[in-house]
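Given next are the chains, with one letter for each unit.
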Amino acid sequence: MFSPMPARYTTATERPRCLIVDDEPRLRQVLMHLMRNDGFDCLQAQNGEEAIAVLERQTMTLVMSDLRMPQLDGIALLREIRGRWPDTAVVMITAVADVEVAVSCLAVGAMDYLTKPFHLEEVRARVAQALEKRRLVLENRGYQESLQEKVAVQARRLEELFLASVQSLAEALEVKDPYTRGHSVRVSHYSVVIAREMGIDGEMLRRIELGGHVHDIGKIGVREDVLNKPGKLTNEEYQHIMTHSMVGWKILAPLLGEMPEALNIVRSHHERFDGRGIPDRLAGTDIPLEARIAAAADSFDAMTSDRPYRPGLSMEEALAELVRCSGSQFDPRVVDAVIAAVEGGTFTLIGRGELVTV
Ligand SMILES: [Fe+2]
C-alpha cells in the first residue's frame, strides 16, 4: 500500500480532482486506482476530445495525459489546457521513444512527464512534485495580485493625503485673505469648462482643476496690509502682490512635481499672450496651454466679482472684455472656446456677488 497523500492536497475545502487521459483502458485503471488511494476524485477520458468535454464540465487540479492518442493528441490537449484552464497542472505520460517530445511538452507548460513503463512510487513522486509546483505558481500569483492591490491602495492614500495638504494651504490663504474665498473654486470650475470645450479630458483635466484651486496660493507670502487694502494699490504694493505667482510656484514645486500642468498654472496664470505678462514674459504658445486657459478663467471671475470699490461686471460685459483683449492679453483660441462654451450652455456665471482681489 502507498502512504496517504500529503494533507495539503486533501483539505476539506478542496478535494483534489484528477483526470486520467489515455487510450489504453488498463493503464487508466492502474492510475485511477493509485490516485483514488491518494485521496483524489478521479475521472477518465480515452482521448483529448473527451478530456476537453470533461474539463468543460468540471475544473481539475491535475490532468495526467498520454502523448499519443487518436483524435486530439497529448500536445494539442496540453495547449488547450494551458490556454483555457491555466490553474490545472498537467503531467504527460509517454513511451521511452517519445522522451524528446515529452521534454518539449515542458516548454508548452506541462509540469512534468512520466515514461512508460513506470513504478507507481515514481508516479506518486512526480504527481506530488507537479502539485507542489502548481501550489507555488498559484501562491505566487495570489501574492502578486494582493501586492498590486496594496500598492494601488497606498497610491490612492498618498494622493488623498497630498490633496488634503494642498487643500489646507488653500484654506490657510482664505483665512488670511477672505476676499479670495470662492475665487479659486470658481477659477478651477471655469478652467475645466473651457478645457473641456477645447477637447481636453482625463488626467490633464484633473490637473487643470487642481491648478485652478491653488493658482493664488502664493498670496500666503503677501503682506496682509497689502492683501486687504481697501483702496487703490501703490505701484510698489502692486509689484509686491504680483510676486504671488512665483512665490506659489516655489511653495508647490516640491509637492506638485508629478503634476507639471498644475504647477504651470500657478506660475504662469498672469502671463499675457502678447508677452507683457509676469513672471517670465512668455508669449503666445510658449505659455503653457493650461496657464492660458486659467488666465482667461481668472480674469473672467475677477471681472464678474464685486470689489469693495465697484460692483462686478455682467456676464455680457466680461465676455466683451475677453473678446476685446483676445490676442493681446488672452489666447484667441481660449477666448473662442469661452464663447463656444457660453453658446453651448456649459459656461455660465457662478457665485456672483462674492468679493475677490487681484
Ligand atoms: Fe493670481
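Shown above is the structure to which this text applies.
Summarised in this report is the structure supplied together with it. Just so we're clear, the structure is a prediction, and the values are computed from it rather than from any experiment.

## Re the state of the cysteines
Line of reasoning, step 1. Overall, the coordinates contain zero disulfides when judged by the stated rule.
Line of reasoning, step 2. Considering cysteine sulfurs only, C42 is the nearest to C18, which forms no disulfide, with 4.7 Å between them.

## Things to note about helix α13 (residues 315-324)
Line of reasoning, step 1. For α13, the full list of buried residues reads M315, A318, L319 and L322. The buried residues of α13 occupy an angular sector of 100° when projected down its axis, which confines them to one face. Opposite the packed face of α13, turned more than 90 degrees from it, sit the exposed residues E316 and R324.
Line of reasoning, step 2. Tucked into the core, α13 has its buried residues touching α12 (289-304) and α14 (332-344).

## As for the sheet that holds strand β5 (residues 112-116)
Line of reasoning, step 1. In spatial order, the strands read β2-β1-β3-β4-β5; together these five strands make up an open sheet with parallel pairing. Here the strands that pair on one side only, and so sit at the sheet edges, are β2 (41-45) and β5. On average, each strand axis in the sheet is tilted by 20° relative to the strand beside it, whichever way the strands run.
Line of reasoning, step 2. As paired elements, strand β1 (residues 17-21) and strand β3 (residues 62-66) share four bridges and run parallel to each other. Bridging across to β3, L19 finds its partner in V63.
Line of reasoning, step 3. Each of β1, β3 and β4 (89-95) is contacted by helix α3 (residues 74-84), which is oriented at about 175° to β4, the strand it contacts most.
Line of reasoning, step 4. Strands in contact with helix α4 (residues 99-108) are β4 and β5; relative to β5, the strand with the most contacts, it is inclined by about 165°.

## Here's the deal with the packing of helix α6 (residues 183-197) against α14
Line of reasoning, step 1. At their nearest, the axes of α6 and α14 sit 9 Å apart, and the two run at 95° to each other. It follows from the interaxial angle that α6 and α14 lie roughly perpendicular. For the pair α6 and α14, the contacting residues are V193, I194 and E197 in the first and V334, A337, V338, A340 and A341 in the second.
Line of reasoning, step 2. Taken together, the residues that form the contact of α6 with α14 break down as seven nonpolar, no polar and one charged.

## Remarks on a nonpolar patch on the surface
Line of reasoning, step 1. Together, Y143, L147 and V151 line one region of the surface with nonpolar side chains, adding up to about 310 Å² of accessible area.
Line of reasoning, step 2. Mapped onto the elements, L147 comes out in helix α5 (residues 120-176).

## Brief notes about the coordination of the iron ion
Line of reasoning, step 1. Around the iron ion, the donor atoms from the protein are D216 (OD), H244 (NE2), H269 (NE2) and H270 (NE2), and they sit 2.1 to 2.4 Å away.
Line of reasoning, step 2. Classification of the site at the iron ion as irregular follows from its four donor atoms and the range of 82 to 166° in their angles at the metal.
Line of reasoning, step 3. Expressed as a motif, the donor residue spacing for the iron ion is D-x27-H-x24-H-H. Here the residue H244 occupies a position in helix α10 (residues 244-252), and H269 occupies one in the loop between α11 (260-268) and α12, the gap between them amounting to 25 residues. Accessibility assignment for this pair places H244 and H269 in one class, buried.

## Some words on the packing of aromatic side chains
Line of reasoning, step 1. Taken as a whole, this structure holds three aromatic pairs when the rule is applied.
Line of reasoning, step 2. Look at Y190 and F300: their rings are 5.0 Å apart centre to centre, the planes differ by 85°, and that puts the pair in the edge-to-face class. Taken together, the residues Y190 in helix α6 and F300 in helix α12 connect sequence positions 110 residues apart. Pair check on accessibility: Y190 and F300 agree, each one buried.
Line of reasoning, step 3. Between Y190 and F347, the aromatic rings sit 4.9 Å apart at their centres with planes inclined by 15°, giving stacked as the arrangement. Pair noted here: Y190 is in helix α6 and F347 is in the segment after α14, with a separation of 157 residues, a long-range link.

What counts and how
- Residues numbered from 1 in each chain as written.
- Predicted model: local features only at pLDDT ≥ 70, side-chain atom pairs only at ≥ 80, totals over all residues.
- Heavy atoms only, no water.
- Disulfide = S-S within 2.5 Å.
- Buried < 20%, exposed > 50% of the residue type's maximum accessible area, 1.4 Å probe, protein only.
- Helix = DSSP H or I, 4+ residues; strand = E, 2+ residues; numbered from the N terminus.
- Arc of directions from axis to C-beta.
- Contact = heavy atoms within 4.5 Å.
- Pairing = 2+ DSSP bridges.
- Axes fitted to C-alpha atoms, helices over the stretch in contact; angles between N-to-C directions.
- Parallel < 35°, antiparallel > 145°, perpendicular 65-115°, else oblique.
- Nonpolar A, V, L, I, M, F, W, Y, C, P; charged D, E, K, R; others polar.
- Patch = residues over 30% accessible without salt bridge, like charges linked within 9 Å, V, L, I, M, F, W, Y side chains within 5 Å.
- Areas by Shrake-Rupley, 256 points an atom, 1.4 Å probe, with all protein chains shown as cover.
- Salt bridge = Lys/Arg side-chain N within 4 Å of Asp/Glu carboxyl O.
- Donors = N, O, S within 2.8 Å, 3.2 Å for Na, K, Ca; no water.
- Tetrahedral: all angles 85-135°; square planar, octahedral: opposite > 155°, others 65-115°.
- Phe/Tyr/Trp six-rings, centres within 6.5 Å; stacked < 30°, edge-to-face > 60°.

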